[in-house]
Amino acid sequence: RLRPPTAPRAMVKTWVVKTKGRKATLLRREPDQDHTAANAMRIVKNGETVAGDFMYVRRASREVGFIKVRHLEQQCGNSFLVRNDDNSTTTLIRKQPTEVLGEANTGYAA
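In this text the structure is predicted, and so the values were computed from the model without any measurement.

*Asks:* Can you walk me through the overall build of the chain in this structure?
*Replies:* Scanning the chain from N- to C-terminus turns up zero helices and nine strands. Every one of the 110 residues in the chain was classed for burial, and the buried ones make up 25%. Partitioning the contacts of the chain with sequence separation of at least 6, the portion at a separation of at least 24 is 43%. Of the roughly 8,000 Å² of accessible surface on the chain, a fraction of 52% belongs to carbon and sulfur atoms.

In structure tokens:
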């Protein structure tokens, strides 16, 4: 879930869009490789700033889900370290990027 950087909240991380060899990138409804118009929300130009509360992650074990951005620490390039901001030893992975808790939204998305 991305929102314009004009109304940032605490713990929301912002990124500047930068796509190698292209002038823009596709902002998708669902976090998958579907490049069709049905999955396109809008085109985001290079240099534009985006912000969000959750990031779609894929573990080395190929499991995927959403983690709150505040629990991620950027290492280098596209690599992030999961480090819980609440000093907990575990971090919740959600099936959907919402605050809803419970079995329907916790665990891996696929």
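*Asks:* So what exactly am I meant to see when it comes to the pattern of salt bridges here?
*Replies:* Pairs can form between side chains of opposite charge once their charged atoms are near each other. Scanning the model with the defined rule gives six salt bridges in all. Residue arginine 42 is joined to glutamate 48 by a salt bridge in which the shortest nitrogen-to-oxygen separation is 2.7 Å. By relative accessible area, glutamate 48 is classed as partly exposed at 25%. One salt bridge connects glutamate 63 with arginine 59, and the closest N-O pair in it is separated by 2.9 Å. When salt bridges with common partners are traced through the structure, they connect Arg70, Asp85 and Asp86 into a single cluster.

Rules used throughout
Residue positions are counted from 1 within each chain, in the order its sequence is given. Owing to the predicted nature of the model, reporting of local features is limited to residues with pLDDT of at least 70; listing and counting of side-chain atom pairs is limited to 80 or more, with chain, interface and lining totals taken over all residues. Only hydrogens and water are removed before side-chain values are computed, so all heavy atoms of the structure are retained for them. In this text, helices come from DSSP runs of H or I with a minimum length of four residues, and strands from runs of E with a minimum of two, each type numbered from the N-terminal end. Exposed residues in this analysis have more than 50% of their type's maximum accessible area, buried residues have under 20%, and partly exposed residues fall in between, with area computed by a 1.4 Å probe over protein chains only. We call two residues in contact whenever any of their non-hydrogen atoms come within 4.5 Å of each other. Values of accessible area rely on a 1.4 Å probe in the Shrake-Rupley scheme; residue burial ignores everything except the protein chains shown. One side-chain nitrogen of Lys or Arg within 4 Å of one carboxyl oxygen of Asp or Glu is enough to make a salt bridge.

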